[in-house]
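# Residue-level structural notes
Next come the chains, spelled out residue by residue.
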Amino acid sequence: MTQVFRIHPAIGFARVGNSEEYYLQPETIAGLPVPDGLPPTSGGLPIKAGTEDTPITSDDVRDRFGQLKRQAARFRVFEYDLEKTPERYPNHGGRELELGKTKVDGKNVVDIVWTVHTANKKANNYVLENPELKPFEQMIDGYAQGALPPIRNPQEGDDLNNPARIRRLVIDPGPRAIKGCSAPKVDLDRTTPASYGCGAEIVTKYDYPKSFPGDSFNRLYAPDGEIDTLGQIETDEQGRLIFAPAYGRANSWTRGDAPGPLTEPVDNDGWFDDTCDGPVRAVLVLEDGSTVDTVGAWVISTDPGYAPQTLNVVSLWDDIYDTWVRKLQLAPEIYDTRFNKKYQPDFAEHIYPIFRAAALQRWNTNLPELAIRSHDAVGAISADDHPAQTILGGLGFIRNPNISSQNVVGAPLMPLSLGDQGKPFLSPSFTQYFFLEQWNAGTFKKGGYTLGKGEALDRAVLMNCLGGRFSPGIDMTFIVRQPGLYITHWNCSGVGPFRINGKHFDYAAVQPSQPLLTEGWVPCHTPLGPHIEPGDTSKFMSIPWHTDYNSCAVHQTDPNPDDSTTVYWSWPAQRPVAVYVAAEASGDALGPQRFSVRGPGTFTDNPAQEGRYQEYLDFVENWPKVGMIMTGSQITTGTYDPEHFLEVESLLDAPGVQPWPQNAKPDDDD
């Protein structure tokens, strides 16, 4: 059968908020041109709930109670005819399924049965700041060298597969199923029965062995409420799936009346949060009652998107795409055993986003005026410019990932952000740098590169997430560079690329006395195959997420061979450091910069610790007050330049920001 059906995006992202309301994940790329009919600077903005593609405005950031809205992930089914468009990437094909119109063997598709199963395994995983290695130096080495890193919560036992430990430390609501158009929400919580799709029907599993923190720990510190759900699912009027995440809560089992220690940026024993991940599956129901399987997707819930329109110089897409190009034969015309110097990348698709990202990040960082003008000039580079005559001087100011000695060189090399895996500074991915080399040599195209609609959705969603600096990251982490995470036989099985190799469960056989989930996938230790369980991608992130977000404002480099006191930015696209506040801007005057995270509890005399709460617990209690950065055209409180990206809806106080560079021990007040 050459007709196949795939869920897109292949990996979707939901983002926590403390409101019952939500908007939808962005389906356009941050900071880049958007389809006709949308505001030209709206790329990367989330979509208003209940609409097809209407971008939110500043009025949609919070609900009427001032609470931060959640970001829901929307999934669709696309039909592919592999006879007309043989399997390759890009495929250029694919059209969205329409209930009552799309046919299989002459029979209409009349319904979709969706099943979603998410979990949180963070507390039952290995530490990420491995004391046996330098912090985050070659994070994968903790697995590849054979000896696994130490585990989190060792006081709960040393076997991550022990059922008793799993029951206490893994948050697992079980699967939930839904079907029909505009179906009411189904909660992934403690009280709603588990359910799953079985052919055209939904089966309720009343005795599924759920586990939530309150089931095992009688006394929980829960400043925003106890973790009793991992989100909800519902469908829209076209039968698409909408996954709305949980509420950004952090819980700790208490010692007396006090929470457990919250002292580390990444690994905090005794804590839970309500982010999660897991498979999204769908079965198509035909008019005669027969069914057709689809290629599944994955959903991940993570930190809020406070700067959705700021593009990462190295996005999650860039890391995943680089892995697929160099290790999984995604595009042999680009890379077989080496990069093909005859390949012509497309300027708009492969090259310009790197330049645009550099320009956009000036809105999230405290740069001096000369640097701001330089970043603007980088963003203005066009396909008609001669590379050597641009402000970049061709490749003269771009850090080369192929030359390890450049990893320790800061200014004037770009990107001027912190790196990961023992690299003081960030470099483009190998594939990105190859595209830049082709641009510099004049070997590139001006237009003509196209993606199918489903493929474009995959790319857009991943482009809006963080790559490059996985320490451990904010959306996903270093595991995206591991081929074993994915279905590798993508081009001969009908599944297409970028699919996480999820494990299939027989829910009917689940025993109420035994946890279904296990330790799960371990990089370099689990054999290839469908082994990825719910919770297996988010478990490599910070616990709770709040500590890492708070921490990753500015840091000195690590390693720091020159013992420099200069600080640089960690995640400037995803974690704004310094912002311009819309209420203080007027016309072309932007007003002073403010720290994105600011107010009581953030004050310090140490520039290397500014722009964050000095006690992690304060951020746990105040994260919903952080504002969002968006284009001036979508801010309803005044008239602003659409090329200005300003902070709106912050509920925090506003002290000023020092100019960059900042020194830990300044000699004077200049």
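Everything quoted here is computed from the prediction, not taken from an experiment. (Residues numbered from 1 in each chain as written. Predicted model: local features only at pLDDT ≥ 70, side-chain atom pairs only at ≥ 80, totals over all residues. Heavy atoms only, no water.)

## Here we look at the overall build of the chain
- Counting its secondary structure elements, the chain contains 10 helices and 25 strands.
- Compactness check: the chain gives a C-alpha radius of gyration of 24 Å against a globular reference of 26 Å for 670 residues, within 12% of the reference.
- The contacts in the chain between residues at least 6 apart in sequence include a share of 72% that link residues at least 24 apart.
- In the form shown here, the chain has an accessible surface area of approximately 24600 Å², with 49% of it arising from carbon and sulfur atoms.
- The distance from the centre of the 58 positive side-chain charges to the centre of the 87 negative ones in the chain is 4 Å. (Helix = DSSP H or I, 4+ residues; strand = E, 2+ residues; numbered from the N terminus. Rg over C-alpha atoms; globule rule 2.2 N^0.38 Å. Contact = heavy atoms within 4.5 Å. Areas by Shrake-Rupley, 256 points an atom, 1.4 Å probe, with all protein chains shown as cover. Lys, Arg positive; Asp, Glu negative; His and termini not counted. Charge placed at Lys NZ, Arg CZ, Asp CG, Glu CD.)

## A word on the pattern of salt bridges
- Applying the stated criterion across every chain, the model contains 37 salt bridges.
- Across the salt bridge formed by Asp207 and Lys205, the nearest N and O atoms sit 3.6 Å from each other.
- With relative accessibility at 35%, the residue Asp207 sits in the partly exposed group.
- Here Lys205 falls in the buried class, since its relative accessible area comes to 11%. (Salt bridge = Lys/Arg side-chain N within 4 Å of Asp/Glu carboxyl O. Buried < 20%, exposed > 50% of the residue type's maximum accessible area, 1.4 Å probe, protein only.)

## Considerations on the confidence of the model for the chain
- Residues with a pLDDT of 70 or more make up 96% of the chain, whose mean pLDDT is 92.
- For residues 663–670, every residue scores under 50 in pLDDT, and the model assigns this stretch six contacts once sequence neighbours within four places are set aside. (pLDDT = per-residue confidence, 0-100.)

## Topic: the sheet that holds strand S12 (residues 220–221)
- Taking strand neighbours across the sheet as the criterion, the three strands line up as S12-S15-S16 in an open arrangement whose pairing is antiparallel. The outermost strands of the open sheet, each flanked by one partner alone, are S12 and strand S16 (271–273).
- Sheet topology places S12 next to strand S15 (residues 250–253); two bridges connect them, and they run antiparallel. When the sheet's bridge partners are listed, Tyr221 is paired in S15 with Ser252. (Pairing = 2+ DSSP bridges.)

## Some points on the nonpolar core
- Counting residues in each nonpolar core, the largest one holds 124 residues, and the members touching the most others are Ile334 and Phe355.
- A total of eight residues in this core trace back to one element, the largest contributor, which is helix H5 (residues 347–360).
- Leaving out residues up to four positions away in the same chain, Ile334 has contacts with Tyr321, Val325, Phe339, Asn340, Tyr343, Phe434 and Phe435.
- Counting 44 residues, the second-largest nonpolar core is a separate cluster that includes Leu97, Ile178, Tyr221 and Val299. (Core = buried A, V, L, I, M, F, W, Y, C linked by side-chain atoms within 4.5 Å.)

## Focus on H5
- For H5, which comprises 14 residues, the first-to-last C-alpha distance of 18 Å matches the rise-based estimate of 20 Å (1.5 Å per residue) to within 8%.
- The axis of H5 is deflected most strongly, by about 40 degrees, at Pro353.
- Burial analysis of H5 places 13 of its 14 residues in the buried class, the great majority of the element. (Expected span 1.5 Å × (residues − 1). Bend = angle between axes of the 7 residues up to and from the residue.)

## Brief notes about the pairing of strand S19 (residues 297–302)
- The buried count for S19 comes to six of six residues, which makes it a mostly enclosed element.
- Across the two faces of S19 the burial is the same, with Ala297, Val299 and Ser301 and Trp298, Ile300 and Thr302 all buried.
- Both strand S2 (residues 11–15) and S19 contribute to a ladder of five bridges, which runs parallel. Opposite Phe13, over in S19, you have Ile300 as the bridge partner.

## Here we look at the packing of helix H4 (residues 316–327) against helix H7 (residues 430–440)
- Following both chains from N to C, one finds H4 and H7 inclined at 85 degrees, their axes separated by 8 Å at the closest point. On the basis of the axis angle, H4 is roughly perpendicular to H7. Only Phe430, Thr431, Gln432 and Phe435 of H7 make contact with H4, whose side of the interface consists of Asp318, Tyr321, Asp322, Val325 and Arg326. (Axes fitted to C-alpha atoms, helices over the stretch in contact; angles between N-to-C directions. Parallel < 35°, antiparallel > 145°, perpendicular 65-115°, else oblique.)

## With respect to the packing of H5 against helix H6 (residues 369–379)
- At a minimum axis separation of 7 Å, H5 and H6 run at an interaxial angle of 155 degrees. Taken together, the axes of H5 and H6 lie roughly antiparallel to each other. For the crossing formed where H5 meets H6, the hand is left-handed. When H5 is examined against H6, the residues Tyr352, Phe355, Ala358 and Ala359 are found in contact with a partner set consisting of His375, Val378 and Gly379.
- Looking at the contact of H5 with H6 residue by residue, the classes come out as five nonpolar, two polar and no charged. (Left-handed = near helix turned anticlockwise from the far one by under 90°. Nonpolar A, V, L, I, M, F, W, Y, C, P; charged D, E, K, R; others polar.)

## Details of the packing of aromatic side chains
- Counted according to the given criterion, the structure contains 33 aromatic pairs.
- Measuring from centroid to centroid gives 5.2 Å for Trp317 and Phe498, while their planes differ by 65 degrees, and the two rings are edge-to-face. Of the two residues, Trp317 sits in helix H4 while Phe498 sits in the loop between helix H8 (453–463) and helix H9 (545–551), which places them 181 residues apart along the sequence.
- Phe498 gets classed as buried once you look at its relative accessible area, which sits at 1%. (Phe/Tyr/Trp six-rings, centres within 6.5 Å; stacked < 30°, edge-to-face > 60°.)

## Comments concerning unusual backbone geometry
- In this model, Tyr89 is joined to Pro90 through a cis peptide bond whose omega is -5 degrees.
- Counting through the fold element by element, Pro90 comes out in the loop between strand S4 (70–81) and strand S5 (95–96).
- Ile543 connects to Pro544 through a cis peptide bond whose omega is -15 degrees.
- Backbone geometry at Ser182 places phi at a positive 55 degrees, although glycine is not the residue there.
- The residue Ser182 is located in the loop between strand S8 (176–179) and strand S9 (186–189) in this model.
- Judged by its relative accessible area of 47%, Ser182 is partly exposed.
- Positive phi values are uncommon outside glycine, yet Gln329 reaches one of about 55 degrees.
- Within the secondary structure layout, Gln329 lies in the loop between H4 and H5.

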